[in-house]
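Results of the structural survey
Spelled out, the chains give:
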Amino acid sequence: MNNTAIKQSILEDKLEQLIQTLSKPKVADNKTLWGSEECAAYLGLSKKKFMGDVACKRTFPQARNVGGSENRTNWRWVASDVMSWALAQKVTH
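In this report, the structure presented in the accompanying data block is examined. Numbering of residues starts from 1 in each chain and follows the order in which that chain's sequence is written. Only residues with pLDDT of 70 or above have their local features reported here, since the model is predicted, and side-chain atom pairs are shown and tallied only from 80 upward, although totals for entire chains, interfaces and linings are computed over all residues. In computing side-chain values, all of the structure's heavy atoms are included and hydrogens and water are not.

1. Some points on the side chain of Thr32
Working definition: helices are DSSP H or I runs of at least four residues, strands are E runs of at least two. Numbering for both runs from the N terminus. On the secondary structure map, Thr32 appears in the loop between α1 (3–23) and β1 (33–34). Among the polar contacts made by the side chain of Thr32, one reaches the main-chain carbonyl oxygen of Ala28 at a distance of 2.9 Å. If we ignore the near neighbours within four places in the chain, the residues touching Thr32 are Val27, Trp77, Val78 and Ala79. Polar contact criterion, stated in full: a pair of N or O atoms within 3.5 Å, where within protein one must be able to donate a hydrogen and the other to accept it, and residues adjacent in sequence count only if both atoms are side-chain atoms. Contacts are residue-level and defined by heavy atoms, with any inter-residue pair within 4.5 Å sufficient.

2. Some details on the sheet that holds strand β2 (residues 64–65)
Two strands qualify as a pair provided that DSSP identifies no fewer than 2 bridges between them. Ordered in space as β1-β3-β2, the three strands form an open sheet in which the pairing is antiparallel. For this open sheet the edge positions go to β1 and β2, each flanked by a neighbour on one side alone. Relative to strand β3 (residues 75–78), β1 is paired through two bridges, and the arrangement is antiparallel. Paired with Leu33 across the two strands is Val78, which belongs to β3.

3. Describing the environment of Val91
Within the element layout of this structure, Val91 appears in the segment after α4 (79–88). Using a relative accessible area of 70% as the deciding quantity, one classes Val91 as exposed. The spatial distance from the C-alpha of Val91 to the C-alpha of Gly67 is 35 Å, given a sequence separation of 24 residues. The buried label applies to any residue whose accessible area, calculated with a 1.4 Å probe on protein chains only, is under 20% of its type's maximum; exposed applies above 50%, and partly exposed to all values in between.

4. Observations regarding a nonpolar patch on the surface
Residues enter patches when their relative accessible area tops 30% and they take part in no salt bridge; the joining distance is 9 Å for like charges and 5 Å for the nonpolar side chains Val, Leu, Ile, Met, Phe, Trp and Tyr. A 1.4 Å probe and the Shrake-Rupley method give the accessible areas. Residues count as covered only by the protein chains that appear here. Throughout this description, the term salt bridge denotes a Lys or Arg side-chain nitrogen within 4 Å of a carboxyl oxygen of Asp or Glu. On the surface, Leu15, Leu18, Ile19 and Leu22 cluster together to form a nonpolar patch covering roughly 400 Å² of accessible area. Mapping Leu15 onto the fold places it in helix α1.

5. Here we look at the packing of aromatic side chains
Two descriptors summarise a pair of aromatic rings, namely the distance from one centre to the other and the angle between the planes of the rings. For Phe, Tyr and Trp, rings pair up if their centres lie within 6.5 Å, where Trp contributes its six-membered ring, and each pair is then called stacked (planes under 30 degrees apart), edge-to-face (over 60) or tilted (otherwise). Within this structure, the stated rule accounts for five aromatic pairs. Here Phe50 and Phe60 contribute two aromatic rings whose centre-to-centre distance is 5.5 Å and whose plane-to-plane angle is 75 degrees, an arrangement assigned as edge-to-face. A residue pair is termed long-range when its members are at least 10 positions apart, and Phe50 in helix α3 (residues 47–54) and Phe60 in the loop between α3 and β2 qualify at 10 residues. On the basis of relative accessible area, Phe50 is assigned to the buried category, the value being 0%. Taken together, a centroid distance of 4.8 Å and an interplanar angle of 75 degrees make the contact between Phe60 and Trp85 edge-to-face. You can see Phe60 sitting in the loop between α3 and β2 and its partner Trp85 sitting in helix α4, a full 25 residues away along the chain.

Purely geometric stuff here, so don't read any function into it on its own.
Below, the structure written as structure tokens:
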């Protein structure tokens, strides 16, 4: 496969991802659940930094375990809660 074909394949994959994203129904922020990757991206952090330094803060919104059991965790946060928390943070020097 040449370089142009590889780039075209990558572009096609990205385009398919975009189509899938735009095809999803719009859900209000107070009904949308975000995983750690979405929270980290919104806050401009890596997933590791988010989970290690932010998600564990007492002031950060409570996560919901939507994994179906206590043994399987699938943590999710309400998007609007994360947004409100971020806006309430003060800059410290």
